[in-house]
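Below are the chains, spelled out letter by letter.
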Amino acid sequence: MKLTLKIWRQKNAQDKGGIVEYPIDGIEPDMSFLEMLDVLNEGLINKGEEPVAFDHDCREGICGMCSLFINGEAHGPDRGVTTCQLHMRMFKDGDTIFIEPFRAKAFPVIKDLVVDRSSFDRIQHAGGFISVNTSGNTIDANTIPIPKDDADKSFDAAACIGCGACVATCKNSSAMLFVSAKVSQYALLPQGKVEATDRVLNMVHQMDLEGFGNCTNTGACEIECPKGISLENIARMNREYLAASLKG
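Conventions adopted
- Residues numbered from 1 in each chain as written.
- Predicted model: local features only at pLDDT ≥ 70, side-chain atom pairs only at ≥ 80, totals over all residues.
- Heavy atoms only, no water.
- Helix = DSSP H or I, 4+ residues; strand = E, 2+ residues; numbered from the N terminus.
- Buried < 20%, exposed > 50% of the residue type's maximum accessible area, 1.4 Å probe, protein only.
- Contact = heavy atoms within 4.5 Å.
- Areas by Shrake-Rupley, 256 points an atom, 1.4 Å probe, with all protein chains shown as cover.
- Lys, Arg positive; Asp, Glu negative; His and termini not counted.
- Charge placed at Lys NZ, Arg CZ, Asp CG, Glu CD.
- Pairing = 2+ DSSP bridges.
- Axes fitted to C-alpha atoms, helices over the stretch in contact; angles between N-to-C directions.
- Expected span 1.5 Å × (residues − 1).
- Arc of directions from axis to C-beta.
- Phe/Tyr/Trp six-rings, centres within 6.5 Å; stacked < 30°, edge-to-face > 60°.
- Lys NZ or Arg CZ within 6 Å of the ring centre and 35° of its normal.
- Salt bridge = Lys/Arg side-chain N within 4 Å of Asp/Glu carboxyl O.
- Parallel < 35°, antiparallel > 145°, perpendicular 65-115°, else oblique.
- Left-handed = near helix turned anticlockwise from the far one by under 90°.
- Core = buried A, V, L, I, M, F, W, Y, C linked by side-chain atoms within 4.5 Å.
- Domains from an automatic or database assignment.

Visitor: Would you explain the overall build of the chain in this entry?
Guide: Of regular secondary structure, the chain possesses eight helices and seven strands. With the C-alpha coordinates aligned to their principal axes, the bounding extent of the chain is approximately 60 × 40 × 35 Å. Burial statistics for the chain: of 248 residues in total, 43% are counted as buried. Taking as baseline every contact in the chain between residues at least 6 positions apart, the subset at least 24 positions apart corresponds to 69%. Of the roughly 12,600 Å² of accessible surface on the chain, a fraction of 50% belongs to carbon and sulfur atoms. If the 25 positive side-chain charges of the chain are averaged to one point and the 34 negative ones to another, these points end up 5 Å apart.

Visitor: How do you make sense of the sheet that holds strand E2 (residues 18-24) when you look at a structure like this?
Guide: Strand pairing in a sheet is mediated by backbone hydrogen bonds. Such pairs are either parallel or antiparallel. The strand order across the open sheet built from five strands is E2-E1-E5-E3-E4, with neighbouring strands paired in mixed fashion. Each end of this open sheet is capped by a strand with a single partner; those strands are E2 and strand E4 (73-74). By the bridge criterion, seven bridges tie strand E1 (residues 3-9) to E2 in an arrangement that is antiparallel. Among the inter-strand pairings, Leu3 is bridged to a residue of E2, identified as Ile24. Contacts between helix H1 (residues 33-46) and the sheet are confined to E1, E2, strand E3 (69-70) and strand E5 (96-100), with E2 contributing the most and set at about 90° to the helix.

Visitor: So what exactly am I meant to see when it comes to H1 here?
Guide: The α-helix advances 3.6 residues per turn, and as a result positions three or four apart in sequence lie on the same side. An ideal rise of 1.5 Å per residue puts 20 Å on 14 residues; H1 measures up with 20 Å between its terminal C-alpha atoms. Phe33, Leu34, Met36, Leu37, Leu40, Asn41 and Leu44 are the residues of H1 that are buried. One side of H1 carries all its buried residues, which in axial view fall inside an arc of 150°. For H1, exposure combined with an orientation more than 90 degrees from the buried face picks out Glu42, Ile45 and Asn46. Considering only its buried residues, H1 is in contact with E1, E2, E3 and E5. Once H1 finishes, Gly48 follows within two positions and takes phi at roughly 80°, a positive value.

Visitor: Quick question: what am I supposed to make of the packing of aromatic side chains here?
Guide: Between two aromatic rings, the relevant description is the distance of the centres plus the angle of the planes. Under the criterion given, the structure shown has six aromatic pairs. Plain terms: the ring middles of Phe69 and Phe102 are 6.3 Å apart, the flat faces sit at 90° to each other, and that makes the pair edge-to-face. Of the two residues, Phe69 is situated in strand E3 and Phe102 in the loop between E5 and strand E6 (109-111); the sequence distance between them amounts to 33 residues. Seen from their ring centres, Phe107 and Phe120 are 5.3 Å apart, and the 75° between their planes marks the pair as edge-to-face. Placement of Phe107 in the loop between E5 and E6 and of Phe120 in helix H2 (residues 118-127) is noted, with a sequence separation of 13 residues between them. Among the aromatic residues, ring-to-ring pairing joins Phe107, Phe120, Phe178 and Phe212 into one connected group. One Lys or Arg, Arg103, reaches over the ring of Trp8 and ends 4.2 Å from the middle of that ring.

Visitor: Even after reading the chapter, I still don't get the pattern of salt bridges, so can you show me in this structure?
Guide: Note that side chains of opposite charge can pair when their charged atoms are close. In the structure shown here, the tally under the stated rule is 12 salt bridges. Glu195 is paired through a salt bridge with Arg199; the nearest N and O atoms lie 3.8 Å apart. Via salt bridges that share partners, Glu73, Arg79 and Glu224 belong to a single interconnected network.

Visitor: Sorry, what's going on with the packing of helix H5 (residues 176-187) against helix H8 (residues 232-247) here?
Guide: Packed helices, taken two at a time, are described by the angle their axes make and the gap between the axes. H8 packs onto H5 with a crossing angle of 70° between their chain directions and a minimal axis gap of 8 Å. The angle between H5 and H8 places the two elements in the roughly perpendicular class. Crossing angle aside, the handedness with which H5 passes H8 is left-handed. On the side of H5, the interface is formed by Met176, Leu177, Val179, Ser180, Ala181, Val183, Ser184 and Ala187, while H8 contributes Asn233, Ile234, Arg236, Met237, Asn238 and Glu240.

Visitor: How should the nonpolar core be read in this particular structure?
Guide: What tends to happen in soluble globular proteins is that the nonpolar side chains get buried as a cluster. Membership of the largest hydrophobic core comes to 35 residues, with the highest contact counts inside it found for Phe107, Phe120, Ile123, Val167, Val179, Met207 and Phe212. Sorting the residues of this core by element identifies H2, helix H4 (165-169), H5, helix H6 (196-209) and H8 as the ones contributing at least two each. Per element, the largest residue contribution to this core is six residues, and it comes from H5. When residues of this core are sorted by domain, at least three fall in each of domain 1 (1-109) and domain 2 (116-244).

Structure follows, in structure tokens:
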């Protein structure tokens, strides 16, 4: 396959940045999108040019680091996959592909296609955990009866990998799908009930401090989410937040 890549290049957060065009040849349809970028960078290095900076780790759709905006879509044209799981067979020979970083005030560009998503980490630190006794007196979680429906919904929420596709897709750069998934993960389980009030209040407060926008109710986040996190979680988080606010 012969392709034309139009890639966002930016030295740092202060640099203006811009689109740079790169022709590329010899791309196999079974290559992953990141493998295609590897081929591009190998060619750039061989020519003495600076390679394109992009983020990745597991390349198995688990870590969420490979977040790219491809032809105007988070993680590209396929559904239910991350960028590293996107294959070049989704494109045609001769295509022009625009590749950009995720755009959000709370995701400042570090370099080229790499953004700083530590804002998600700070939201998690604010309440996305449970405090348990790990001194040897712990209780086996399997001894606590949990309705299967609740357990399944909790596992579905826990599937969120924090890639930020929801933020990049939302017109308001809202992180509510991400935050609601982390809130729901614990709100549905007895282990999470103890700190439920503080959790939702602290995480929503931190989300606002980070500069994320409010929910648009368009549902674009759910469509672009590679793990199919449901909008039901946002409704659940709103209920949890209202109840926590009334408790004072």
